[in-house]
Amino acid sequence: MQRKSQRRWQILASAVIILLTLVSFTSPTLAGPPPAFPTSWFPIHKADLADPVPVDDLVHYSIDVGIQIPPDVFDDAPPGFWDSLSWQVEDILPAGLEYVSSSPEGIYDAGQHTIRWELGGILNGATRNMQVTLRPDPSAFLVTTEVTNRAQFWTWRRFIPSSASGGPQVDASFNPEPQRRMMNETTETTTITMDEPPALIPYTLLLRQGKDNYVGNEDTYIDSNNAARNFAHTPWMYLKTVDNTSILSRFDLTGLPAGAEITAAKLRFYVGATAPINAPITAKLFGLLRSWNEDAATWMQAQAGSNWTMPGANGAGDRTGLPDAEVDCYAPPLSPARMIEFDVTTLAQQWLADPSTNFGVTVKAYLCHGTALYYIYSADSRTTERRPELYLEYMAPPAP
Ligand SMILES: [Ca+2]
Ligand SMILES: [Ca+2]
């Protein structure tokens, strides 16, 4: 036991391992939290070798650490020492930067996105340097962004009782496990810059079932007088006052090019017969808030086994409470191409931004001068040019 302590003391005295004295004891047994050390004794410095960095370039960091314990700490050492067994540097990489390499080579942990270097012992006054190379992930930086890299200086340390150097005796059972402690840390920010995005140019697009191979329109109508019937593939849909027979319609937008920004969207329903002839109608369009199935939706249910919160898709959670678009007292013109058009720009922008919110719309009929029934061409109509349309204006990068 005595020999072992002495040998350890010799190792410590050779300053291969740092000795710190920090605790003065009034009691021969050791207790209480480990003492805090000035971070200035353990300098850590991190620099990016270039800043800002273009998104298609590499990011280089340099990390320096050292031990700078003032000599008088040793001179005035009271009994008892902190024995630092080994040192580590841990680099916490910013999100969006991929690890490429490090020198000397550290241990990269992909799960934590960190690099760790095991440095062993460091002499007082000595320094170590580490280099890191990272690559920005272009998809993570859509605009110029500042990223922050954090580097930490850790040690495994153990308290050496004072008995070896002639101080107070400690409890014979005292045998502290080494503790891992962070002694200092630092950060460095780097700006990742974007090239100017390519200019956007305007496009128009007319989505209609069957046109240009588009098959993204689902529709049906739901009828309060046939509350359990589904009309998925009838050529006609009906709008009947007052919210007596209503339309469900959805256009898939996932085929739009990446980067598209919708500037206008019009949803058009072509009108066949009306009853009474040419009776005006008020029609309101509501965004639907839950999924429904063309082949199963009825006045009562959105899909098989799942009723609307209120029949007719009229509950909170079925549709928006206020209309998203409205056509007030539409009077059909004497034209074979007469149609009711709704401005759905805001809804379409939302559907494009988050396709999971695209449940389409319901269109409902209300009184203008009196009751009215409208025949509306469906996506299953044989008159293909009268099927419902979603007309879009959008801005997008030029097609390659
Ligand atoms: Ca910087
Ligand atoms: Ca249909």
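Not measured: the values here are computed from a predicted model.

Whether parallel or antiparallel, the strands of a sheet pair through hydrogen bonds between backbone atoms. The antiparallel open sheet is built from four strands, whose spatial order is E2-E4-E9-E6. Across the chains shown, the open sheet's two edge strands, defined by having one partner strand only, are strand E2 (44-48) and strand E6 (97-103). Taken over all neighbouring pairs, the strand axes of this sheet differ in orientation by 25° on average, direction set aside. Bridge count for E2 against strand E4 (residues 59-66) is five bridges, and the pairing is antiparallel. Bridge assignment links Ile44 to a residue of E4, and that residue is Val65.

Ranked by internal contacts, the top residues of the largest apolar core, which has 45 residues, are Leu239, Val344, Ala348 and Ile376. If one sorts the elements of this core by residue count, strand E16 (residues 261-275) sits on top with six residues. With residues up to four places along the chain from it excluded, the contact list for Ala348 reads Leu253, Ile262, Ala265 and Leu392. Membership of the second largest hydrophobic core comes to 23 residues, among which are Val53, Ile63, Val65 and Leu93.

With 84% of its residues at a pLDDT of 70 or more, the chain has an overall mean of 87. Of the regions scoring below 50 in pLDDT, residues 1-33 engages in 52 contacts with residues more than four places distant in sequence or in other chains. When the criterion is pLDDT under 50, residues 164-169 qualifies, and its contacts beyond four places in sequence or with other chains add up to 14 contacts.

It is worth spelling out the pairing of strand E8 (residues 114-120) at this point. Relative to E8, strand E7 (residues 107-109) runs antiparallel, the two sharing three bridges. Residue pairing across strands places Tyr108 opposite Ile115, the latter belonging to E8. Connecting E7 to the next strand, E8, in antiparallel fashion are four residues, including His113 with a positive phi near 60°.

Its place among the elements puts Leu352 in helix H3 (residues 345-353). In sequence terms Leu352 and Asp252 are 100 residues apart; their C-alpha atoms lie 9.0 Å from each other. Leu352 has contacts with Leu253, Leu256, Ala260 and Ile262, leaving out every residue within four places of it along the chain.

Mapped onto the secondary structure, Ala331 falls in the loop between strand E20 (325-330) and strand E21 (339-343). For Ala331, a count of 12 C-beta atoms within 10 Å gives the class exposed. Put simply, Ala331 and Ala279 are 52 residues apart on the chain and 6.7 Å apart in space, counted from C-alpha to C-alpha. When sequence neighbours within four positions are dropped, the list of residues in contact with Ala331 reads Asn278 and Pro280.

The rules behind each value
- Residues numbered from 1 in each chain as written.
- Chains lettered and ligands numbered in written order.
- Predicted model: local features only at pLDDT ≥ 70, side-chain atom pairs only at ≥ 80, totals over all residues.
- Pairing = 2+ DSSP bridges.
- Helix = DSSP H or I, 4+ residues; strand = E, 2+ residues; numbered from the N terminus.
- Axes fitted to C-alpha atoms, helices over the stretch in contact; angles between N-to-C directions.
- Core = buried A, V, L, I, M, F, W, Y, C linked by C-beta atoms within 7 Å.
- Buried ≥ 20, exposed ≤ 12 C-beta atoms within 10 Å, placed from the backbone.
- Contact = placed C-beta atoms within 7 Å.
- pLDDT = per-residue confidence, 0-100.

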